[in-house]
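# Architecture and fold: a report
Letter by letter, the chains look like this.
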Amino acid sequence: IGNTGATFTGASGTLTGTLTAATVNAATIGNTGAAITGGTVTVSSTGNLNATLTKLQDGVVATQEWVYLGDPAFVPVFEELNRRKAVVYTHPTTPNCCNNLVPGVGVSSLEYNHDTTRTIASLVFSGTATRCPDIKFLFSHAGGTMPFITERFTRQAVRKEFAQKLPKGVLHELKRFYYDTANASNEWSLAPLMKLVSVSQVLLGSDYPLRSPEAN
């Protein structure tokens, strides 16, 4: 699950979108026989979502514009995914705001983890996660930097405007999400995550072939 094997190309021939959301044809998120099937549907925050919903099969949805998954434009998509009790797998890339902020340091070393955290925040604080209790969300790289700043999430969540969006609290949502170990199978990354969630929420992930089996 952690490595979809899919390639997403836009007009420039490069990976597009903030994240990818994939529905996985599996009975449970832990099914080792899970496989991604179907075609690729491109979703734009200003595009024709009705056409997307018509085409949507068990497969992959790639966001074409630099918006996060809690954006209101994706409400009908997530409603349909929730109806299907889908698994939604996300993988980060570099947002337009944050390319080469630290010269000489690869963007994947910094921004991929922050991008995952922004996406988790978007899904949680928009109320999308609460509205879609039957979706199993899976985040790459042990949840990015989210486990390290959980307390900031909990402080944000006590504000009045989030009372209806997070009726069970932010920790309820964070603890029900799933996280893979790709590029995070080390004591520094896993220790804070394991203090937040139970082992049932952590899945084996790999960044092979971008990283060697030993490095994973």
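Everything in this summary refers to the structure shown in the same document. None of these values were measured; they are calculated from a predicted model.

This next bit is on the overall build of the chain. Per the secondary structure count, the chain includes 7 helices and 7 strands. Beginning at the N terminus, the succession of helices and strands in the chain can be written as β-β-α-β-α-β-α-α-β-α-α-β-α-β. Here the chain holds 216 residues, and 45% of them are scored as buried. Across the chain, contacts joining residues at least 24 apart in sequence account for 67% of those joining residues at least 6 apart. By element, 53% of the accessible surface of the chain is carried by carbon and sulfur atoms, the whole surface being about 11000 Å².

Attention shifts here to the packing of helix α3 (residues 107–125) against helix α5 (residues 150–157). Contact geometry for α3 and α5: axes closest at 12 Å, N-to-C directions at 25°. When the axis of α3 is compared with that of α5, the two are roughly parallel. Of the two elements, α3 crosses α5, and the hand of that crossing is right-handed. Here α3 contributes T117, I120, A121 and F125 to the contact with α5, which in turn contributes F153, Q156 and A157.

Going through the model one piece at a time under the given rule, you end up with 1 disulfide. Disulfide pairing places C97 opposite C98 at an S-S distance of 2.3 Å. The sign of the -80° torsion about the S-S bond sets the C97-C98 disulfide as left-handed. A residue is classified by how much of its surface remains accessible, and C97, at 54% relative accessible area, is exposed.

Now for the nonpolar core. Counting 32 residues, the largest nonpolar core has F78, I120, L174, F177 and Y179 as its most contacted members. Per element, the largest residue contribution to this core is 4 residues, and it comes from α3. Those residues in contact with L174 that lie beyond four places of it in its chain are I120, V124, M146, T150, F153, Y179, L196 and V197.

Before going further, it helps to examine helix α7 (residues 187–196). All buried positions along α7 are accounted for by P192, L193 and L196. Buried residues of α7, seen end-on, are gathered within an arc of 100° and therefore sit on one face of the element. Counted as exposed and oriented over 90 degrees from the buried face of α7: E187 and K195. Considering only its buried residues, α7 is in contact with α5, α6 (170–176), β6 (178–180) and β7 (202–203). The residue sitting at the N-terminus of α7 and contributing the capping side-chain oxygen is N186; that oxygen lies 3.1 Å from the backbone nitrogen of W188.

Here we come to unusual backbone geometry. Despite not being glycine, K85 has its phi angle at roughly 55°, a positive value. Tracing the sequence through the fold places K85 in the loop between α2 (75–83) and β4 (87–90). Look at K85 and you get exposed, because its relative accessible area is 55%.

About the criteria used
Residues numbered from 1 in each chain as written. Predicted model: local features only at pLDDT ≥ 70, side-chain atom pairs only at ≥ 80, totals over all residues. Heavy atoms only, no water. Helix = DSSP H or I, 4+ residues; strand = E, 2+ residues; numbered from the N terminus. Buried < 20%, exposed > 50% of the residue type's maximum accessible area, 1.4 Å probe, protein only. Contact = heavy atoms within 4.5 Å. Areas by Shrake-Rupley, 256 points an atom, 1.4 Å probe, with all protein chains shown as cover. Axes fitted to C-alpha atoms, helices over the stretch in contact; angles between N-to-C directions. Parallel < 35°, antiparallel > 145°, perpendicular 65-115°, else oblique. Left-handed = near helix turned anticlockwise from the far one by under 90°. Disulfide = S-S within 2.5 Å. Core = buried A, V, L, I, M, F, W, Y, C linked by side-chain atoms within 4.5 Å. Arc of directions from axis to C-beta. Polar contact = N/O pair within 3.5 Å; in protein donor to acceptor, adjacent residues only side chain to side chain.

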